[in-house]
Amino acid sequence: MSNKTLTEAKRAKKDEFYTQFGDIQHEISAYLEYNPKLFKNKSVILPCDDPEKSNFTKFFAQNFQRFGLKKLISTSYAPDSKLNKYGFQGDLFDSKQSKDKTKSDKNGKIFKLSRDMNADGKINIDDIEWDFLKGDGDFNNSEIIEMIKLSDFVITNPPFSLLREFVQLLKTLEKKFIIVSSMNGVGTKDIFQSIKENKIWLGNGFKGGNAFFAIPNELKREFATGVYDESTGLVKFRNVCWLTNLDHGRRHEPLKLMTMEDNLRFNKKLKDKYAYEKYENYDAIEVPLTESIPSNYKGAMGVPISFLDKYCPEQFEILGMCENLDLYNLKTIKYSSKECKDAYYKKFNKKGTYDLNASGVLLKNGILEKTYQRVLIRHKN
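Since the model is a prediction, treat every value here as computed from it, not as a measurement.

**Q** Help me understand the layout of surface pockets, please; the structure alone is not making it clear to me.
**A** Any empty space left between atoms is shown by rolling a water-sized probe over those atoms. Taken as a whole, the largest pocket encloses approximately 960 Å³ of empty space. Along the wall of the largest pocket there are 30 residues; nearest its centre are Met183, Arg238, Asn239, Ile305 and Ser306. If you list the elements that add at least two residues to the lining of the largest pocket, you get helix H1 (2-12), helix H8 (183-186) and strand S12 (240-244). Of all the elements, H1 adds the most residues to the lining of the largest pocket, at three residues.

**Q** Would you mind showing me how to read the environment of Glu261 here?
**A** Mapped onto the elements, Glu261 comes out in helix H10 (residues 260-266). A residue is classified by how much of its surface remains accessible, and Glu261, at 44% relative accessible area, is partly exposed. Linking Glu261 and Asn296, residues 35 residues apart in sequence, is a C-alpha distance of 9.2 Å.

**Q** I keep staring at the side chain of Asn157 and nothing clicks. Help me out?
**A** Mapped onto the fold, Asn157 is located in the loop between strand S6 (153-156) and helix H7 (163-172). A distance of 3.1 Å separates a polar atom in the side chain of Asn157 from a polar atom in the side chain of Thr19.

**Q** Hey, could you run me through the sheet that holds strand S15 (residues 316-321) in this one?
**A** One open sheet holds the four strands; their spatial order is S13-S14-S18-S15, and the pairing between them is mixed. With one partner strand each, in any of the chains shown, strand S13 (284-286) and S15 form the two edges of the open sheet. When strand polarity is set aside, the average angle formed by the axes of neighbouring strands in this sheet is 35 degrees. The pairing of S13 with strand S14 (residues 300-304) spans three bridges and is classified as parallel. Of the residues in S14, the one forming a bridge with Ala284 is Ala300. Lying on the sheet, helix H9 (residues 189-196) is in contact with S15 and strand S18 (374-379); it crosses S15 at an angle near 160 degrees.

**Q** How should I be thinking about the packing of aromatic side chains in this particular structure?
**A** Both the distance between ring centres and the angle between the ring planes are used here to describe each pair of aromatic rings. Using the criterion set out here, one finds 23 aromatic pairs in the structure. Between the aromatic rings of Phe111 and Trp130, the centroid separation amounts to 6.2 Å while the plane-to-plane angle is 20 degrees, which identifies the pairing as stacked. Taken together, the positions of Phe111 in strand S4 (residues 109-113) and Trp130 in strand S5 (residues 129-132) put the pair 19 residues apart, joining distant regions of the chain. Centre to centre, the rings of Phe213 and Phe237 are 6.2 Å apart; their planes meet at 40 degrees, and the pair counts as tilted. Here the residue Phe213 occupies a position in strand S9 (residues 211-214), and Phe237 occupies one in strand S11 (residues 234-237), the gap between them amounting to 24 residues.

**Q** Explain the packing of H7 against H9 here, please?
**A** Packed helices, taken two at a time, are described by the angle their axes make and the gap between the axes. Two elements in contact, H7 and H9, have axes separated by 9 Å at closest approach and are oriented at 45 degrees. The pairing of H7 with H9 is recorded here as oblique in orientation. Taking contact as the criterion, the partners of Leu163, Arg164, Val167 and Lys171 in H7 are, on H9, Asp190, Ile191 and Ser194. Grouping the constituent residues of the contact of H7 with H9 by class yields three nonpolar, one polar and three charged.

**Q** Please clarify how the packing of helix H2 (residues 21-34) against helix H3 (residues 55-62) should be interpreted in this entry.
**A** Orientation of H2 relative to H3, taken along the N-to-C sense of each, is 55 degrees, at an axis distance of 9 Å. Considered as vectors, H2 and H3 are oriented oblique to each other. Here H2 and H3 pass one another in a crossing that is right-handed. Counting all contacts with H2, which are made through Phe21, Ile24, Gln25 and Ile28, the residues of H3 involved are Asn55, Phe56, Lys58, Phe59, Phe60 and Gln62. Of the residues that constitute the contact of H2 with H3, the class distribution is six nonpolar, three polar and one charged.

**Q** When you look at H7 in this model, what are you seeing that I'm missing?
**A** Residues that lie three or four places apart on an α-helix share one face, since the helix turns once every 3.6 residues. Every buried residue belonging to H7 is among Leu163, Phe166, Val167, Leu169 and Leu170, and all of these are buried. Viewed along the axis of H7, the buried residues span an arc of 155 degrees, placing them on a single side of the element. Those residues of H7 hidden inside the fold are in contact with helix H6 (142-149), S6, strand S7 (176-182), H8, H9 and S12. In the segment just after H7, Glu174 is the residue with positive phi, at about 55 degrees.

**Q** Looking at this structure, I do not really get the environment of Phe212. What am I missing?
**A** Looking at where Phe212 falls in the secondary structure, it is placed in strand S9. Sequence separation of Phe212 and Gly22 is 190 residues, and the distance between their C-alpha atoms is 9.9 Å. Discounting chain neighbours no more than four positions away, the residues touching Phe212 are Tyr18, Gln20, Asp23, Leu234, Val235 and Lys236.

About the criteria used
Residues numbered from 1 in each chain as written. Predicted model: local features only at pLDDT ≥ 70, side-chain atom pairs only at ≥ 80, totals over all residues. Heavy atoms only, no water. 1 Å grid on protein atoms, 1.4 Å probe; cavity = no way out; pocket = protein on both sides within 12 Å on 5 of 7 lines; lining within 4 Å. Points joined across faces, edges and corners; volume = space filled by probe spheres on them. Helix = DSSP H or I, 4+ residues; strand = E, 2+ residues; numbered from the N terminus. Buried < 20%, exposed > 50% of the residue type's maximum accessible area, 1.4 Å probe, protein only. Polar contact = N/O pair within 3.5 Å; in protein donor to acceptor, adjacent residues only side chain to side chain. Pairing = 2+ DSSP bridges. Axes fitted to C-alpha atoms, helices over the stretch in contact; angles between N-to-C directions. Contact = heavy atoms within 4.5 Å. Phe/Tyr/Trp six-rings, centres within 6.5 Å; stacked < 30°, edge-to-face > 60°. Parallel < 35°, antiparallel > 145°, perpendicular 65-115°, else oblique. Nonpolar A, V, L, I, M, F, W, Y, C, P; charged D, E, K, R; others polar. Left-handed = near helix turned anticlockwise from the far one by under 90°. Arc of directions from axis to C-beta.

Written as structure tokens, this is what we have:
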């Protein structure tokens, strides 16, 4: 259900997911454990924020002095298309809302923190200054781009529907970043290529693999029971991750592995899976579970995309992905249109097309079976 909901959100541009304070704290702590002085004398920009509700703004404002930050900037998109549309009004800095409101429907807001404004001897959330932006606050606006250029780190939860565009901007500007991403976004061509080249990787991750987000009241009806929790007012997704180009310790922790034989003996989850069978269209074996990657196989292996959350670059090499266009020159067979139609009829006993070229293919009881999305890897040693 969560995958379907995120897809629908992307199509409808319903990107109002507000990250929880504890999730931000959990993620940022991993980078500080690896490099305690990471933010010292640095500038951080939060360019896809709604500062009145943003836990990113709260977190970095509260920790401004502890991190040794030089400057914090938080910007929001014009509320006529976001906050007001859903009746989701700000409550964090309402006492500061004394400026001319005539711009509020067309102009985004900017919140800055860099000095002790109230002369109480510390720099924190009480010292934030705010104003309206000249434009609407779109991250592709030259006004925001110039601020990103002048900042050291970009940290935010960008709209899922604009993830590729946002990451491309950060790559072009050569910026260090920590952002929230959907796993669907990780599997897109451009982002996956950067992961393959070890230019981008997954972050520390959400606790237990579960990401919880607050949403505007108007959007509650979009989510089914089990995804939206009435008691907390939060939606839960499992296919959400952090994406970054900053190092953290967990990235270099190798997976503990067993041999193929021990996996088959002890891992009950493998009994009904297509474990270690050879693909028909790739020179690789199928490994349906990350925890069942064998320690003693020297060739290519197809693993779930969730493997990237545990990927250690010292342990594995990413070869590519099972995908339609053969971008990585790994296919051994490319199926014709007729073969795809024949495979569909044989499997479902009706006319249709089974897109065998889009993934790894296994032969089960004389029938061609597609696997889920797979990343192709092999051991480095």
